[in-house]
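Examining the three-dimensional arrangement
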Amino acid sequence: MWSISDIKQEGRNAFKANYWNCVIAALILTVISGAGGGAYANSVSSNASSASTSNEGAAFYFAIVAASALILLANLAVRVFLLNPLEVGCSHFFSKNTEDNTVSLGLIKEGFGDYGRIFGTLLLRDIFITLGCILLLIPGIILAYSYRLVPYIVVDEPNLSATEALKRSKELMYGNRWKSFLLDLSFIGWHILTILTLGILSFFWTSPYMRSADAVLYRTLLKEQN
């Protein structure tokens, strides 16, 4: 049975052995995770402010709603067609780096190989997690942990369909979700230091360290269940 300390130690070793490539890959993933919601939230906030101070009536209000909807759709399209494959590619890089610390960033392009299947699998994952969050927050969090390994599996097991890849992730995470949550929680000290350094530490240590540990977790669960 895996331990949090072992996962973190192995992840840290893999990260430090290929430091700059891990930093760049983690930076890409950080940009991906914050790319959609922030821009949309800002646009809605500014548009709502404009609407509240305007006296031009319903037509202007509906124009703002339509513009906000278009921005949302554009953000969703960018995430689905570009950012999700990048997430897969970066996850694949971190996974391979746990086995061979000389791997290059060129592995990121693997996220765009077999594009249709990868696109469909990540889209299905996002839909399920979003629906879980809409219904209740807790089911959404549970689904997020259940499908945590999908970006790795979709490349490593190309014979699986979208639903099979999601099922495979659930199987690997079964009985490991709570412990995985504790693994994430164990980085809270690094998150506090990241805040104190105005986010700088995240780029050069916290984020690549966590991504490497997550990849080690995936590899460890594979070994334990095979």
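Residues numbered from 1 in each chain as written. Predicted model: local features only at pLDDT ≥ 70, side-chain atom pairs only at ≥ 80, totals over all residues. Heavy atoms only, no water.

Once that is clear, we can look at the overall build of the protein chain. Per the secondary structure count, the protein chain includes 11 helices and 0 strands. Start at the N end of the protein chain and walk to the C end: the helices and strands fall as α-α-α-α-α-α-α-α-α-α-α. Per-residue burial for the protein chain yields a buried fraction of 41% across its 226 residues. Partitioning the contacts of the protein chain with sequence separation of at least 6, the portion at a separation of at least 24 is 73%. Approximately 11800 Å² of the protein chain is accessible, and the part contributed by carbon and sulfur atoms is 68%. (Helix = DSSP H or I, 4+ residues; strand = E, 2+ residues; numbered from the N terminus. Buried < 20%, exposed > 50% of the residue type's maximum accessible area, 1.4 Å probe, protein only. Contact = heavy atoms within 4.5 Å. Areas by Shrake-Rupley, 256 points an atom, 1.4 Å probe, with all protein chains shown as cover.)

On to the packing of aromatic side chains. The full count for this structure, using the stated rule, is 15 aromatic pairs. Seen from their ring centres, Phe93 and Phe94 are 5.3 Å apart, and the 70° between their planes marks the pair as edge-to-face. Counting every residue linked through ring pairs, the aromatic cluster contains Phe15, Tyr19, Trp20, Phe187, Trp190, Phe204, Trp205 and Tyr209. Above the plane of the ring of Phe187 lies Lys8, whose end atom (NZ or CZ) is 4.6 Å from the centre. (Phe/Tyr/Trp six-rings, centres within 6.5 Å; stacked < 30°, edge-to-face > 60°. Lys NZ or Arg CZ within 6 Å of the ring centre and 35° of its normal.)

Summarising the model, the protein chain shows a mean pLDDT of 85, and 79% of its residues fall at 70 or more. In the model, residues 36–52 has pLDDT below 50 throughout and makes 15 contacts with residues more than four positions away in sequence or in other chains. (pLDDT = per-residue confidence, 0-100.)

A few words now on the pattern of salt bridges. In total, this model carries 9 salt bridges according to the counting rule given. A salt bridge links Arg219 to Asp156, with the shortest nitrogen-to-oxygen separation between them at 3.3 Å. Of the two residues, Arg219 is situated in helix H11 (residues 200–225) and Asp156 in helix H7 (residues 150–156); the sequence distance between them amounts to 63 residues. For Asp156, a relative accessible area of 26% corresponds to the partly exposed category. (Salt bridge = Lys/Arg side-chain N within 4 Å of Asp/Glu carboxyl O.)

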